[in-house]
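Architecture at a glance
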Amino acid sequence: MRIPLWLFLPAALAVAACTSSGEKPPMTETIPADRDIHSYARPWEARVTHVALDLTADFAAKTLAGSAVLDVQRTAGVKEIVLDTKELTIERVTGADGAALKFALGTLDPILGRPLTVELPSSGAITVVYRTSPDAAALQWLAPSQTAGKSHPYLYSQGQAILTRTWIPTQDSPGIRQTYAARITVPRELRAVMSAEQLTPDGEDGPNGRAFRFRMTHAIPPYLIAIAVGDLAFRSLGPRTGVYAEPAVVGGAAAEFADLESMVTAAEALLGPYLWGRYDVLVLPPSFPFGGMENPMVTFATPTILAGDKSLVSLLAHELAHSWSGNLVTNATWSDFWLNEGFTTYVERRIMEAVYGKARADVFRVLGWRDLATEIDRLGGMQSKDTVLHVDLKGRDPDDGATQVPYEKGAALLGLIEQTVGREKFDAYLKDYFKRHEFQSITTAQFLADIRSHLLTDKSVEATIRLEDWIFQTAIPVNAVQPKAAQLTEAGEQAAAFARGAGASTLRTKDWSTQEWLYFLQELPPTLPNERLAALDKAFGFSERRNAEVLFEWLHMAIRHHYQPAMPALERFLLSQGRRKFVRPLFDDLMKTDWGKAEAKLIYAAARPGYHAVTTQTLDGIVKKDAIFASNTSSISITELLTSTKRPERFVGLHFFNPVPLMKLVEVVRTIASASDVYDAAYEFAKKLGKVPVRTSDKTGFIVNRLLVPYLLDAIRAYEEGVGSIDDIDNAMKLGCGYPMGPFTLLDFVGLDTTYYITHVMYDEFKERRFSSPPLLKRMVMAGWYGRKSGKGFYDYSDPANPKPNKL
Ligand code: BES
Ligand code: ZN
């Protein structure tokens, strides 16, 4: 049957309302510096001091379910506590005596989640019985195929910055430190590891699987509570260091991390005793969204640092440094994030210097300095608000502040202070700083007060540093010390030689380290002819490199040049790991060109299911940014619909006909706002589906209904005027015009109510009689005679195989 579909359903519009809930405190300029705008908690009234988890990991349901017992410290007279949650199902809340406590979940804020307000019992802890969502943003549930061993599933969490609330109902603010304990039940063949002391390394058999118990006796910010469950093996590296990974990976990881124990020793010499007991590293599956995450006692790390030559272990120096800067002394709010990352980046290079020498550490300083320059360009230049260290995050996700600025501008500031006061004095200050604030969360203002009273006591010294400019102003102040590295001279020279036309195979690249290759690639001119890229690839095998950093740099360059031969390597790389630092810029690059967009969408569609939510949340904003919004409406104006999107140029109509698998036609509707490339893409899309697209503009009814509706209405009018009977008119049009069916059969198919509705829309638009409803149509609809679907219309369908014309 060829029946036009008159569906008045606009395609679902992917337009999320961006309202924020009324639960947040008013956003005024008078927010105290230590008030965390990314938490609903009101710690001055009641604060969580300890969390005891009892959770079971269900890999089939992709949920953690069980309870969290929260110890609460409260101000006298306070009757309730506010917790942070996101995507959690709360079953019940009880007091220590088991009595139910009243609780309420507030409205959902897209960034913050939902506050959980609980009535406090007169004393004792509160127990929240809950379950996580399979989509909990912190958690990634991996199928066996996404692991190295391919035979067991895997689960891991990523809490920083505000994702812990998607798996634990607690006060999720870095200023609210909590000790924790946990009992985690997992399938018997798996092992659980947490950022805590392991009380049962081998687990204990229970009725529902194997249970692992943990204890963290130091108060930590909740973003550091972390879990991993999988087929995990362990190798010891030193008296207090070791590595966890899947059995297939652990041997290689142990070799790669051979220097871990000496790194801890070097860090202690610099920063004071390591207070956490063990320092282990867990190597995760390749979807882990970060290079590393400093979960206490067990750093989580990407397998992309397993280069085979220890060349990427500076990442461990970084995460280890967080044991002091970040975990011992923590940013009180996410605007103070630079206190975590700036200190850590500075210390990371000091550790590298202690373990591998100054020349090598300087290489990292130079590469970091360059990363900063590239980042500032990406942020829109030196005047960008995001170049401020104490960053303004009002109304934003703290993730937006995680740029290279807190890392590298922060480290540059500390480097400048070191140089100004002298290393000896600065090192003494650092040690004392960590001691003074150990196990505390501090704000930028507290740091300023601290350094002023303990190091920069001489006002003129502070003035030469321009401390406040560095922290509260945009740009990099001119007194920054630009790092230099003699070890990179040759790589720079060889890049210049190549730029001048030297053959790739004549370049001196013997014994280059990963960092020299990186520097060489970064120093190449911004545009090169494709033959020159081919020559580089042939001489140095970049597309086949195993080293993720070098491969990334090469692919970055290849996309900019649309260097086709590297595209298979690009696809492999994007499909084989999900580290955001690598995948974001590559998708970003691709989305800048037409050919790249198509490529990006295809690759992302395949890769997205394998990525962690941290990565997809970022990439969704990049790859889908230019989604095409297409509506299948035939009567609502497309232009009217597009007013509900901020991207009207991306809106078109794609009007299919019923039954869709049989009907070849698609009307491709252009509005006055549609961008040409969007319209062309929609047209090509229809073609790719095997349809015959026709172009039309956004006038109600488009082509088919514009001509068909007056014809159908005229048939009714002809019947009203006695021109012919229902079956005679039907037969006449069928046989006289070669139509597949007559107008009344068609009307009954489409539905008289539907037709009646469309006459209104069309008459409203054109104010012409030919679109107006004949009186008979109106009466039939009022009588409930809608055609085939109601059993009665122009025909009677009591015997559906043999419809009889009605007498009207
Ligand atoms: N703590 C960060 C990772 C992080 C930052 C997670 C912000 C969530 C929000 C970690 O210490 C880090 O900086 N990792 C870097 C590696 C480092 C060597 C610069 C990374 O993942 O690339
Ligand atoms: Zn870090």
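That block above? That's the structure.
Residues numbered from 1 in each chain as written. Chains lettered and ligands numbered in written order. Predicted model: local features only at pLDDT ≥ 70, side-chain atom pairs only at ≥ 80, totals over all residues. Heavy atoms only, no water.

Description of the overall build of the chain
Let me state the cut-off plainly: Going along the chain from the N terminus, every DSSP run of H or I of four or more residues is numbered as a helix, and every run of E of two or more is numbered as a strand. Each residue is assigned to one of three classes by its accessible area relative to the maximum for its type, calculated with a 1.4 Å probe on protein chains only: buried under 20%, partly exposed between the two thresholds, exposed over 50%. Here, residues are in contact when the closest pair of their heavy atoms is within 4.5 Å. Surface accessibility follows the Shrake-Rupley procedure with a 1.4 Å probe radius. Residue values consider only the protein chains on display as shielding. When charges are counted, Lys and Arg contribute as positive and Asp and Glu as negative, whereas His and the chain ends are disregarded. By convention, the point assigned to a charge is CZ for Arg, NZ for Lys, CD for Glu and CG for Asp.
Within the chain, the regular secondary structure consists of 25 helices and 28 strands. Projected onto the principal axes, the alpha-carbon positions of the chain cover approximately 105 × 80 × 55 Å. Burial analysis of the chain (808 residues in total) assigns 55% to the buried set. Long-range pairs, those at least 24 residues apart, make up 69% of the contacts in the chain between residues at least 6 apart in sequence. Surface exposure of the chain reaches about 33,300 Å², of which carbon and sulfur atoms provide 54%. Of note, the chain has its 88 positive side-chain charges centred 3 Å away from the centre of its 93 negative side-chain charges.

Examining the coordination of the zinc ion (ligand 2)
Here is the rule we go by: Any N, O or S atom lying within 2.8 Å of the metal counts as a donor, with the limit raised to 3.2 Å for Na, K and Ca; because water is left out of the atom set, some sites can appear incomplete. Geometry is assigned from the angles between donors: four donors with all angles from 85 to 135 degrees make a tetrahedral site, four or six donors whose opposite pairs exceed 155 degrees while the rest stay between 65 and 115 make square planar or octahedral sites respectively, and everything else is labelled irregular.
Protein coordination of the zinc ion (ligand 2) is provided by His318 (NE2), His322 (NE2), Glu341 (OE) and Glu341 (OE), with donor distances spanning 1.9 to 2.7 Å. Taken together, the six donor atoms surrounding the zinc ion (ligand 2) define angles of 53 to 158 degrees at the centre, an arrangement classified as irregular. Within one chain, the residues donating to the zinc ion (ligand 2) are spaced in sequence as H-x3-H-x18-E. Residue histidine 318 is located in helix H3 (residues 314–321), and its partner glutamate 341 is located in helix H4 (residues 337–356); the two are separated by 23 residues in the primary sequence. Taken as a pair, histidine 318 and glutamate 341 share a single burial class, namely buried.

Looking at the site of ligand 1
Using the following cut-off: Consider each residue's heavy atoms; a residue with any of them within 4 Å of a molecule or strand counts as near. Polar contacts, as counted here, are pairs of nitrogen or oxygen atoms within 3.5 Å of one another; within protein the pair requires one atom able to donate a hydrogen and one able to accept it, and residues that are adjacent in sequence qualify only if both atoms are side-chain atoms. Gly is placed with the polar residues, together with every amino acid not listed as nonpolar (Ala, Val, Leu, Ile, Met, Phe, Trp, Tyr, Cys and Pro) or charged (Asp, Glu, Lys and Arg).
The local shell around ligand 1 holds 15 residues, among which Gln160, Gly291, Glu294, Glu319 and Tyr407 are the closest. Contact distances for ligand 1 include 2.7 Å between a nitrogen atom and a side-chain N or O atom of glutamine 160. One of the side-chain nitrogen or oxygen atoms of glutamate 294 is found 2.6 Å away from a nitrogen atom of ligand 1. For ligand 1, the accessible surface in isolation is 520 Å², of which the surrounding protein chains cover 88%. Only strand S19 (292–293), H3 and H4 provide two or more residues apiece to the shell around ligand 1. When grouped by side-chain class, the residues that make up the shell around ligand 1 number five nonpolar, six polar and four charged.

Quick look at the sheet that holds strand S5 (residues 103–105)
Selection rule: Strands were regarded as paired on the criterion that DSSP finds at least two bridges between them. Every axis in this analysis is a line fitted to C-alpha atoms, fitted for helices over the stretch in contact. Angles between the N-to-C directions lie between 0 and 180 degrees.
Within the open sheet, the three strands sit side by side as S3-S6-S5. Their pairing is antiparallel. Lying at the two open borders of the sheet, with one neighbouring strand each, are strand S3 (80–85) and S5. Strand-to-strand twist across the sheet, computed as the mean angle between neighbouring axes with direction ignored, equals 20 degrees. Bridging between S5 and strand S6 (residues 114–119) involves three bridges; their strand directions are antiparallel. What sits directly across from alanine 104, in S6, is threonine 117.

So, the sheet that holds strand S15 (residues 227–230)
The four strands lie next to each other as S8-S9-S15-S11, forming an open sheet whose pairing is antiparallel. Each edge of the sheet is formed by a strand with only one pairing partner; in this case those strands are strand S8 (139–142) and strand S11 (191–194). On average, each strand axis in the sheet is inclined to that of its neighbour by 10 degrees, with strand direction left out of account. The pairing of S8 with strand S9 (residues 154–157) spans four bridges and is classified as antiparallel.

A word on the packing of helix H23 (residues 743–750) against helix H24 (residues 752–766)
Short version of the rule: Roughly parallel means an angle under 35 degrees; roughly antiparallel, over 145; roughly perpendicular, 65 to 115; everything else is oblique.
The contact between H23 and H24 brings their axes to 6 Å, and the two run at 95 degrees. In terms of their interaxial angle, H23 and H24 are classed as roughly perpendicular. Within the contact between the two elements, H23 uses Leu747, Asp748 and Val750 and H24 uses Leu752, Thr754 and Thr755. Across the contact of H23 with H24, the residue classes break down as three nonpolar, two polar and one charged.

Things to note about the pairing of strand S25 (residues 665–670)
In summary, the side chains of a regular strand alternate between the two faces of the sheet. In terms of strand pairing, strand S24 (residues 651–656) meets S25 through four bridges, oriented antiparallel. Following the sheet pairing, leucine 654 is matched in S25 by valine 668. Where S25 lies against strand S26 (residues 692–697), six bridges are found, and the strand directions are parallel. Each residue of the ladder has a partner; that of arginine 670, found in S26, is serine 697.

Section: the nonpolar core
For clarity, the threshold we go by: We define a nonpolar core as any set of buried Ala, Val, Leu, Ile, Met, Phe, Trp, Tyr and Cys residues linked to one another through side-chain atoms lying within 4.5 Å.
By size, the foremost hydrophobic cluster in this structure holds 144 residues, and its most contacted members are Leu53, Trp167, Met194, Ile417 and Phe447. With sequence-adjacent residues up to four places away left out, methionine 194 is seen in contact with Leu53, Trp167, Tyr180, Ala182, Ile184, Phe214, Ile225, Ala226, Ile227 and Val298. Among the nonpolar cores identified, the runner-up in size contains 53 residues, and Trp512, Leu536, Tyr563 and Ala566 belong to it.

Some words on the packing of helix H12 (residues 514–523) against helix H14 (residues 548–560)
Axis separation between H12 and H14 bottoms out at 9 Å; the angle between their running directions is 10 degrees. Put simply, H12 runs roughly parallel to H14. Contacts between H12 and H14 involve Thr514, Trp517, Leu518, Leu521 and Gln522 from the former and Glu549, Val550, Glu553, Trp554 and Met557 from the latter. Its residues assigned to classes, the contact of H12 with H14 shows six nonpolar, two polar and two charged.

Re helix H8 (residues 444–454)
Short version of the rule: Note that the arc is computed from the directions linking the helix axis to the C-beta atoms.
Every buried residue of H8 is listed here: Thr444, Phe447, Leu448, Asp450 and Ile451. Taken down its axis, H8 places every buried residue within 165 degrees of arc, on the same side. Where H8 is buried, its residues meet H4, helix H6 (404–421), helix H7 (423–436), strand S22 (440–442) and helix H10 (467–472).

Details of unusual backbone geometry
Of note, the amide linkage connecting glutamine 160 to alanine 161 takes the cis form, showing an omega dihedral of 0 degrees. Mapping alanine 161 onto the fold places it in the loop between S9 and strand S10 (178–186). Phi is positive for arginine 466, close to 60 degrees, though the residue is something other than glycine. Here arginine 466 is to be found in the loop between helix H9 (459–465) and H10. Even without glycine at this site, lysine 767 takes up a positive phi of about 50 degrees. Note on placement: lysine 767 falls in the loop between H24 and helix H25 (775–782).

A few points about the side chain of threonine 514
Within the element layout of this structure, threonine 514 appears in helix H12. Excluding residues within four positions of it along the chain, threonine 514 makes contact with Asp309, Ser311, Leu312, Asn547, Glu549 and Val550.

Overview of the environment of glycine 291
If you trace the backbone, glycine 291 turns up in the loop between strand S18 (279–283) and S19. Separated by 291 residues in sequence, glycine 291 and phenylalanine 582 place their C-alpha atoms 9.5 Å apart.

Focus on the pattern of salt bridges
What counts here: Any carboxyl oxygen of Asp or Glu that lies within 4 Å of a side-chain nitrogen of Lys or Arg is treated as forming a salt bridge with it.
Applying the stated criterion to the full structure yields 42 salt bridges. A salt bridge links lysine 435 to glutamate 438; its shortest N-O distance comes to 3.1 Å. Accessibility expressed as a relative area gives 55% for lysine 435, which makes it exposed. Look at glutamate 438 and you get partly exposed, because its relative accessible area is 23%. A salt bridge links aspartate 450 to arginine 436; the nearest nitrogen and oxygen atoms lie 2.8 Å apart. Of this pair, aspartate 450 sits in helix H8 while arginine 436 sits in helix H7, and the two are 14 residues apart along the sequence. What you see here is one network of salt bridges that share partners, running through Arg350, Glu353, Lys358, Asp362, Arg365, Glu418, Arg423 and Asp427.

A few points about the environment of threonine 302
Locating threonine 302 in the fold gives a position in the loop between strand S20 (298–301) and H3. Threonine 302 gets classed as buried once you look at its relative accessible area, which sits at 0%. Sequence separation between threonine 302 and leucine 282 is 20 residues; the distance between their C-alpha atoms is 8.6 Å. At a separation of 2.8 Å, a polar atom in the side chain of threonine 302 contacts the side chain of threonine 304.

As for the packing of aromatic side chains
Stated precisely, the cut-off is as follows: Two rings from Phe, Tyr or Trp (for Trp, the six-membered ring) form a pair when their centres are within 6.5 Å of each other. A pair whose planes differ by under 30 degrees is stacked, one over 60 is edge-to-face, and the rest are tilted. By definition, being over a ring means that NZ of Lys or CZ of Arg is both within 6 Å of the ring centre and within 35 degrees of the ring normal.
Counting across every chain of the model gives 40 aromatic pairs. Ring centres 5.1 Å apart and planes at 85 degrees place the aromatic pair phenylalanine 59 and tryptophan 141 in the edge-to-face group. Of the two residues, phenylalanine 59 sits in the loop between strand S1 (46–58) and strand S2 (63–74) while tryptophan 141 sits in strand S8, which places them 82 residues apart along the sequence. Looking at phenylalanine 59, the relative accessible area reads 16%, which means it is buried. Ring centres of phenylalanine 542 and tryptophan 554 lie 5.0 Å apart, and the angle between their planes is 25 degrees; on these two criteria the pair is classed as stacked. Of the two residues, phenylalanine 542 sits in the loop between helix H13 (530–540) and H14 while tryptophan 554 sits in helix H14, which places them twelve residues apart along the sequence. As far as the burial class goes, phenylalanine 542 and tryptophan 554 line up, both buried. Through successive ring pairs, a cluster of aromatic residues spans Trp338, Phe343, Tyr346, Phe426, Tyr429, Tyr433, Phe434 and Phe447. Between the NZ or CZ atom of arginine 670 and the centre of the ring of tyrosine 679, over which it lies, the distance is 4.6 Å.

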